[in-house]
Amino acid sequence: MIKQASKVFIGAMLLGASLLLGASAQAHHSGAMYDDHKTVTIKGTVAKFEWSNPHVYVYLQQLVGTDKVLWEVECSPPSILKRLGWNQDTVHVGDTLQITGAPLRDQSKKGILPSQIRHGDTVLFDRKGEVGRLAKVDETSAAVHGRRLDGVWVTALAVKVEELLDPDKLALTPKGKKAAHNFDEKTMHPGAQCVPYPSPMFMTTPDLKRITTAGNTLLIDGEFDGAQRTVRMDPASHEATRSVQGDSIGHWEGDTLVIDTVQFTDHALGNGYGVPSGAGKHLVERMTLDADGKKLRYHFELTDPEYLAKPVSAEADWVFRPDLQYAPLKCDPENAARYRH
């Protein structure tokens, strides 16, 4: 059964992996509109395949007697499906697919959250094992050297981070508890307006990241939201301007890049799913390069006295993979807001 845990990322992916974790809600939305107590299997012809951000959609035309029924199949973001072997050519109009999953609660509409997608004898998607696949990233012979981290990295899914940022497990202030209780994703979710997730969620999403050095500035891009962070190296102080990713300043301590970030704009999901962040949010991150130059251990400590009753800290791994292509898609506003309807 899909429960209300691990809401920050698992839900966002709309992956059935949430069932394996006893979790669900989406970084984009919670999936509450689907009836996780029911399972349906449909077979039909692909009428449309939408490779778009934040969600990939398959529209399947099913023949029921002499009637044609069009099903909307909501899949994970392209950044996540890429890690599972998909691309924009995985599905084609005219393909015959068999899809099993949870149907919409509103039976007047035909929609499904897939747990398995099959094309003949080929399994294109199966929620079983998805968590393991996203948590494991193979290393290559490529490595970075010294303090230049430029290149493509893959963030491994850290289940403990997802669990930690669940509002039911976070230590919240009374204001934080009230905000989480009153959160309405249909009217309050920033993702519906293509507003990206701030860090640390940005940094722990299991997508491809790209680091680029430009003078005294470090740029960190993420495929999931197509968002970018700017880290100013060794400045005298923070700037006063607030932004979604805040004002980040960095310095090196041996093989560890330390990033200090303040000046976050208010965000309805800035500290967890349904847990907002405010002007007092403060994030300290440490990215430590291993001896082989192939992996970064990412560690963060998050404080926000307005909403969090105590600091939150966790860590995840980044693996250097310059052999992979970093190719983010811009957020499509119509696609992002589609779940509201």
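Since we're looking at a predicted model, the values are computed, not measured.

Bringing the overall build of the protein into the picture now. The secondary structure content of the protein amounts to nine helices and 17 strands. In terms of overall dimensions, the protein is globule-like: its C-alpha atoms have a radius of gyration of 20 Å, near the 20 Å expected for 341 residues. Principal axes of the C-alpha set define a box for the protein whose edges measure 70 × 50 × 30 Å. The proportion of buried residues among the 341 residues of the protein is 54%. The contacts in the protein between residues at least 6 apart in sequence include a share of 59% that link residues at least 24 apart. For the protein, the exposed area adds up to about 14,600 Å²; of that, 50% sits on carbon and sulfur atoms. Averaging the positions of the 39 positive and the 43 negative side-chain charges in the protein gives two centres separated by 3 Å.

Counting residues in each nonpolar core, the largest one holds 40 residues, and the members touching the most others are Leu 149, Trp 153, Ile 220, Leu 257, Met 287, Phe 300 and Trp 318. Contributions of two or more residues to this core are made by α8 (201-204), β9 (217-222), β10 (227-233), β12 (256-262), β13 (267-272), β15 (282-289), β16 (295-303) and β17 (312-320). Broken down by element, the residue count for this core peaks at five residues, all from β17. Once residues within four sequence positions are removed from consideration, Trp 318 is found in contact with Trp 153, Val 154, Thr 155, Met 203, Lys 209, Ile 211, Ile 220, Met 287, Lys 294, Lys 295, Leu 296 and Tyr 298. Within the second largest apolar cluster, 25 residues are counted, among which are Val 46, Trp 51, Val 56 and Leu 60.

Counted by the stated rule, this structure contains seven aromatic pairs. Taking the centre distance of 5.6 Å and the plane angle of 85 degrees together, the rings of Phe 183 and Tyr 273 count as edge-to-face. In this pair, Phe 183 is assigned in the loop between α6 (174-182) and α7 (185-188) and Tyr 273 in the loop between β13 and β14 (275-277), connecting sequence segments 90 residues apart. Here the two residues Phe 183 and Tyr 273 agree in accessibility, since each one is buried. Three or more aromatic residues joined by ring pairs form one cluster here, namely Phe 49, Trp 51 and Trp 86. A cation over an aromatic ring shows up here: Lys 281 above the ring of Phe 264, its NZ or CZ 4.2 Å from the ring centre. One residue, Arg 338, lies across the ring of Tyr 57, its end atom 4.4 Å from the ring centre.

This next bit is on the pattern of salt bridges. Enumeration according to the criterion identifies 21 salt bridges in this entry. Across the salt bridge formed by Arg 105 and Asp 36, the nearest N and O atoms sit 3.3 Å from each other. Pair noted here: Arg 105 is in the loop between β4 (96-103) and β5 (111-119) and Asp 36 is in the loop between α2 (17-21) and β1 (40-50), with a separation of 69 residues, a long-range link. Look at Arg 105 and you get partly exposed, because its relative accessible area is 43%. Across the salt bridge formed by Asp 207 and Lys 209, the nearest N and O atoms sit 2.5 Å from each other. Lys 209 matches Asp 207 in its accessibility class, with the two residues each being buried. Taken together, the shared-partner salt bridges connect Lys 48, Glu 50, Glu 334 and Arg 338 into one network.

Reading guide: rules and limits
Residues numbered from 1 in each chain as written. Predicted model: local features only at pLDDT ≥ 70, side-chain atom pairs only at ≥ 80, totals over all residues. Heavy atoms only, no water. Helix = DSSP H or I, 4+ residues; strand = E, 2+ residues; numbered from the N terminus. Rg over C-alpha atoms; globule rule 2.2 N^0.38 Å. Buried < 20%, exposed > 50% of the residue type's maximum accessible area, 1.4 Å probe, protein only. Contact = heavy atoms within 4.5 Å. Areas by Shrake-Rupley, 256 points an atom, 1.4 Å probe, with all protein chains shown as cover. Lys, Arg positive; Asp, Glu negative; His and termini not counted. Charge placed at Lys NZ, Arg CZ, Asp CG, Glu CD. Core = buried A, V, L, I, M, F, W, Y, C linked by side-chain atoms within 4.5 Å. Phe/Tyr/Trp six-rings, centres within 6.5 Å; stacked < 30°, edge-to-face > 60°. Lys NZ or Arg CZ within 6 Å of the ring centre and 35° of its normal. Salt bridge = Lys/Arg side-chain N within 4 Å of Asp/Glu carboxyl O.

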